[in-house]
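Chain by chain, the residues:
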Amino acid sequence: MSNQAIKKIVLSKLGNAISDEKAERIITKIQIHEASELSIVLKTWENQFDLPDWVKSEVTINETFFFRHPEQYSDLKKKWVGKDDISVLCVGVSSGEEAYSIAMIFEEMAIKNYKINGIDLDPNVVAKARQGRYPLHQLERTPEQFKSLLTKYGETKTGIDGACYWVNKKIMDKVEFNQANILTFFLRRYDLVFVRNILIYFCEEDKARILKRLKLSLKPDGSLVFGSGELLDVNAA
Ligand SMILES: C[S@@+](CC[C@H](N)C(=O)[O-])C[C@H]1O[C@@H](n2cnc3c(N)ncnc32)[C@H](O)[C@@H]1O
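Parameters at a glance
- Residues numbered from 1 in each chain as written.
- Predicted model: local features only at pLDDT ≥ 70, side-chain atom pairs only at ≥ 80, totals over all residues.
- Buried ≥ 20, exposed ≤ 12 C-beta atoms within 10 Å, placed from the backbone.
- Helix = DSSP H or I, 4+ residues; strand = E, 2+ residues; numbered from the N terminus.
- Arc of directions from axis to C-beta.
- Contact = placed C-beta atoms within 7 Å.
- Near = placed C-beta within 6 Å.
- Nonpolar A, V, L, I, M, F, W, Y, C, P; charged D, E, K, R; others polar.
- Domains from an automatic or database assignment.
- Pairing = 2+ DSSP bridges.
- Axes fitted to C-alpha atoms, helices over the stretch in contact; angles between N-to-C directions.
- Parallel < 35°, antiparallel > 145°, perpendicular 65-115°, else oblique.

Peer 1: So what's going on with helix 5 (residues 70–80)? Which residues, and what values?
Peer 2: If you check which residues of helix 5 are buried, you get Tyr73, Leu76 and Trp80. Taken end-on, helix 5 shows its buried residues confined to a sector of 50 degrees, consistent with a single buried face. Helix 5 presents Glu71 and Lys78 as exposed residues on the side facing more than 90 degrees away from its buried surface. Packed against the buried residues of helix 5 are strand 1 (85–91) and helix 6 (97–108). Within two residues after helix 5, Gly82 carries a phi angle of roughly 85 degrees, on the positive side.

Structure representation (structure tokens):
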């Protein structure tokens, strides 16, 4: 019963559809960490606009890596060659590797003015993205053909958390990260919107809502980039 109640609250407040297993983890955490009884916590959540940040971290899956879906980064070079001003939004940017990968490609293309905004629901990954610092094992999945760009635009340093890869300042200055929900974030106009590997977490109705919003956020001639393999009915939006 509480499982269903949690799933319903998360769906209505955040938009995310979650599994029974995740709902159970949230219930366990409420029982351990919250001062009030489960039924009171659920009633409170029902009556408020948003949910606590820890719940957002609990419901999200943050898998990502530098230059994921490499063919899409190669396509960027073809589509945006010769352009000087490019504004980019990465929705569901996770810990930032996607946004930094785009910045490295644009540096290679010598694009003069570009700015990349990344948003994510989970405050923990937004904090990581802002640091631009990654344990070396997180670089292992970088596709071979892009590894030299990581070397060119960052360096390995050893600090209190061991050896880490640090994105360099020039790249970090081009990228900004904020916590926001894909269903409600403030819409601005962008040339390029990356929305990769996130729509699978939404029901069909919310997917259509999201696509409608993202289409509105595109400048004329702008592009939406989905995760390769994501099946979407773009015409439904
Ligand atoms: C699987 S990751 C994809 C990361 C990256 N786009 C990539 O393709 O490598 C999905 C990200 O979407 C974020 N997310 C999930 N629901 C969201 C929402 N309602 N609004 C914004 N971000 C959300 C998660 O926190 C997670 O970091």
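Peer 1: Give a detailed account of the site of the ligand, specifying residues and quantitative values.
Peer 2: Within the structure, the ligand sits among 25 residues, and Thr60, Thr64, Gly92, Ser94 and Ile182 are positioned closest to it. A per-class count over the shell around the ligand returns nine nonpolar, 10 polar and six charged. When residues of the shell around the ligand are assigned to domains, at least three fall in each of domain 1 (2–59) and domain 2 (70–236).

Peer 1: Residue-level account of the sheet that holds strand 3 (residues 133–135), with values.
Peer 2: In a beta sheet, neighbouring strands pair by backbone hydrogen bonds and run either parallel or antiparallel. As summarised here, the arrangement of the three strands in space is 3-5-4, forming an open sheet in which the pairing is antiparallel. One side of each edge strand has no neighbouring strand; the edge strands of this open sheet are strand 3 and strand 4 (154–159). Averaged over neighbouring strand pairs, the angle between their axes works out to 35 degrees when direction is ignored. Summarising the sheet, strand 3 and strand 5 (residues 162–167) pair through three bridges and their orientation is antiparallel. Bridging from a neighbouring strand, Pro135 pairs with Cys164 of strand 5.

Peer 1: Quick rundown of the packing of helix 1 (residues 2–14) against helix 2 (residues 20–33)? Include the residues and the values.
Peer 2: At a minimum axis separation of 9 Å, helix 1 and helix 2 run at an interaxial angle of 100 degrees. Taken as axis vectors, helix 1 and helix 2 run roughly perpendicular relative to one another. Contact residues: Ser2, Asn3, Ile6 and Lys7 in helix 1; Asp20, Ala23, Glu24, Ile26 and Ile27 in helix 2. Looking at the contact of helix 1 with helix 2, its residues break down into four nonpolar, two polar and three charged.

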